[in-house]
Amino acid sequence: MLSLNRIRLRATWLLAPVFLYIARPSAELIVLGVLFAVAGGLIRAWASGTIRKNKVLATGGPYAFTRNPLYLGSFLVGLGLSVAGGSVILAATFVLLFFAIYHPVMRAEERTLEERFGDRFRDYAAHVPLFLPRLRPYRPSEPHATEFMMRRYFSHREYEFALGVAAGFLALVVKMVWF
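Description of the structure in this document. Everything numeric in this text was worked out from a predicted model, so none of it was measured.

This next bit is on the packing of aromatic side chains. Note on aromatic pairs: each is described by the distance of the centres and the angle between the planes. One pass over the structure, following the stated rule, counts 15 aromatic pairs. Seen from their ring centres, Trp46 and Phe65 are 6.4 Å apart, and the 50° between their planes marks the pair as tilted. Pair noted here: Trp46 is in helix 2 (residues 27-50) and Phe65 is in the loop between helix 2 and helix 3 (69-84), with a separation of 19 residues, a long-range link. A relative accessible area of 37% places Trp46 in the partly exposed class. Given the relative accessible area of 22%, Phe65 is considered partly exposed.

Laid out in structure tokens, this is it:
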């Protein structure tokens, strides 16, 4: 049986041709979509360069605002691509699929973090929202070093995500210009 992680990754690539077929991009919508995607990409990059997966409970950097900055960033990128695609149906489908797939993933990851970090995670989860960010950063009673490090960004291969997003926007520009 396929895991949710594999399903979400494969679904992206399987749905890309359908997305491009339905898309009706315009220059204005591409610019607007790029703004969402850049914001999402920067959040993802910050989170990826901050997290020390399975070693330290990330509570600083973007994790001081939301427990899932990587998914928030992905949402903004996907929303940006959907807006650039110029179809309300695409945007609505994206939002529905995103939450149908990622909400269970976020909850499963929470169970793992609670098992690993116990009361520290429960305290953090009580103060920091699951998805939508809080306005002021969370300050744990026991701060941990969670500074951004470029080597973490590269070791998590976040640049591959950025290249995929750039390819998506390039495909929309090609469709707008030549099709």
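The subject of this paragraph is the pattern of salt bridges. According to the stated counting rule, one finds six salt bridges in the structure shown. A salt bridge links Arg157 to Glu160; the nearest nitrogen and oxygen atoms lie 3.1 Å apart. Given the relative accessible area of 38%, Glu160 is considered partly exposed. Beyond isolated ion pairs, a larger network of salt bridges with shared partners links Arg67, Arg107 and Glu110.

Once that is clear, we can look at the nonpolar core. Tyr71, Phe75, Phe98, Tyr102, Met106 and Phe131 are the most contacted members of the largest nonpolar core, which totals 14 residues. Only helix 3 and helix 4 (88-127) provide two or more residues apiece to this core. Sequence-distant contacts of Phe75, defined by excluding residues within four places in its chain, comprise Phe94, Val95, Phe98, Phe99 and Phe131. Judged by nonpolar contacts, the second largest core, of 12 residues, contains Ala64, Leu70, Phe121 and Tyr138.

With that settled, the discussion passes to unusual backbone geometry. Most peptide bonds adopt trans geometry, and most residues besides glycine take a negative phi value. The residue Asn54 is not glycine, and still its phi comes out positive at about 65°. Examined against the element boundaries, Asn54 turns out to sit in the loop between helix 2 and helix 3. Taking the relative accessible area as the measure of exposure, Asn54 reaches 56% and is therefore exposed. Backbone geometry at Arg157 places phi at a positive 55°, although glycine is not the residue there. Examined against the element boundaries, Arg157 turns out to sit in the loop between helix 5 (150-155) and helix 6 (158-178).

On to a nonpolar patch on the surface. A surface patch of nonpolar side chains, amounting to about 600 Å² of accessible area, comprises Leu14, Leu15, Val18, Tyr21, Ile22 and Leu97. Examining the composition of the nonpolar patch, we find that five residues originate from one element, helix 1 (residues 4-22), more than from any other. Within the secondary structure layout, Leu14 lies in helix 1. Looking at Leu14, the relative accessible area reads 64%, which means it is exposed.

Bringing the environment of Phe169 into the picture now. Here Phe169 shows up in helix 6. Put simply, Phe169 and Pro69 are 100 residues apart on the chain and 22 Å apart in space, counted from C-alpha to C-alpha.

Bringing helix 3 into the picture now. Under the 1.5 Å per step criterion, the end-to-end length of helix 3 is 22 Å for 16 residues, consistent within 8% with the ideal 22 Å. In terms of burial, helix 3 is largely enclosed, as 16 of its 16 residues are buried. Phi turns positive, to about 70°, at Gly86, one or two residues after helix 3.

Another point: the packing of helix 3 against helix 4. The geometry of helix 3 relative to helix 4 is characterised by a closest axis approach of 10 Å and an angle of 170° between their N-to-C directions. Taken together, the axes of helix 3 and helix 4 lie roughly antiparallel to each other. Residues Tyr71, Ser74, Phe75, Gly78, Leu79 and Ser82 of helix 3 form the contact with helix 4, whose own contacting residues are Leu90, Ala91, Phe94, Val95, Phe98, Phe99, Tyr102, Val105, Met106 and Glu109. Each residue belonging to the contact of helix 3 with helix 4 can be placed in one class, and the counts come to 12 nonpolar, three polar and one charged.

Calculation notes
Each residue is numbered by its place in its chain's sequence as written, counting from 1. This being a predicted model, a pLDDT of at least 70 is required before a residue's local features are given, and a value of 80 or more before pairs of side-chain atoms are given or counted; all residues contribute to the totals for chains, interfaces and linings. Only hydrogens and water are removed before side-chain values are computed, so all heavy atoms of the structure are retained for them. Two rings from Phe, Tyr or Trp (for Trp, the six-membered ring) form a pair when their centres are within 6.5 Å of each other. A pair whose planes differ by under 30 degrees is stacked, one over 60 is edge-to-face, and the rest are tilted. Runs of H or I in DSSP of at least four residues are treated as helices and runs of E of at least two as strands, each being numbered from the N terminus. Any residue under 20% of the maximum accessible area for its type is buried, any over 50% is exposed, and the rest in between are partly exposed; the area is computed with a 1.4 Å probe on protein chains only. Every case where a carboxyl oxygen of Asp or Glu lies within 4 Å of a side-chain nitrogen of Lys or Arg is listed as a salt bridge. Side-chain atoms within 4.5 Å link the members of a nonpolar core, which is a set of buried Ala, Val, Leu, Ile, Met, Phe, Trp, Tyr and Cys residues. We call two residues in contact when some of their heavy atoms are within 4.5 Å. Only residues whose relative accessible area exceeds 30% and that form no salt bridge are eligible for patches; like-charged ones are grouped when within 9 Å, while nonpolar side chains (Val, Leu, Ile, Met, Phe, Trp, Tyr) are grouped when within 5 Å. Using the Shrake-Rupley algorithm and a 1.4 Å probe, accessible areas are obtained, with residue cover drawn only from the displayed protein chains. By this rule the span expected of a helix is its residue count minus one, scaled by 1.5 Å. Axis angles are defined between N-to-C directions and span 0 to 180 degrees, where every axis is a line fitted to C-alpha atoms and, for a helix, only to the segment in contact. Angles are sorted into four bins: roughly parallel if under 35 degrees, roughly antiparallel if over 145, roughly perpendicular if 65 to 115, and oblique for all others. Ten residues, namely Ala, Val, Leu, Ile, Met, Phe, Trp, Tyr, Cys and Pro, are considered nonpolar, four, namely Asp, Glu, Lys and Arg, are considered charged, and the remaining ones, Gly among them, are considered polar.

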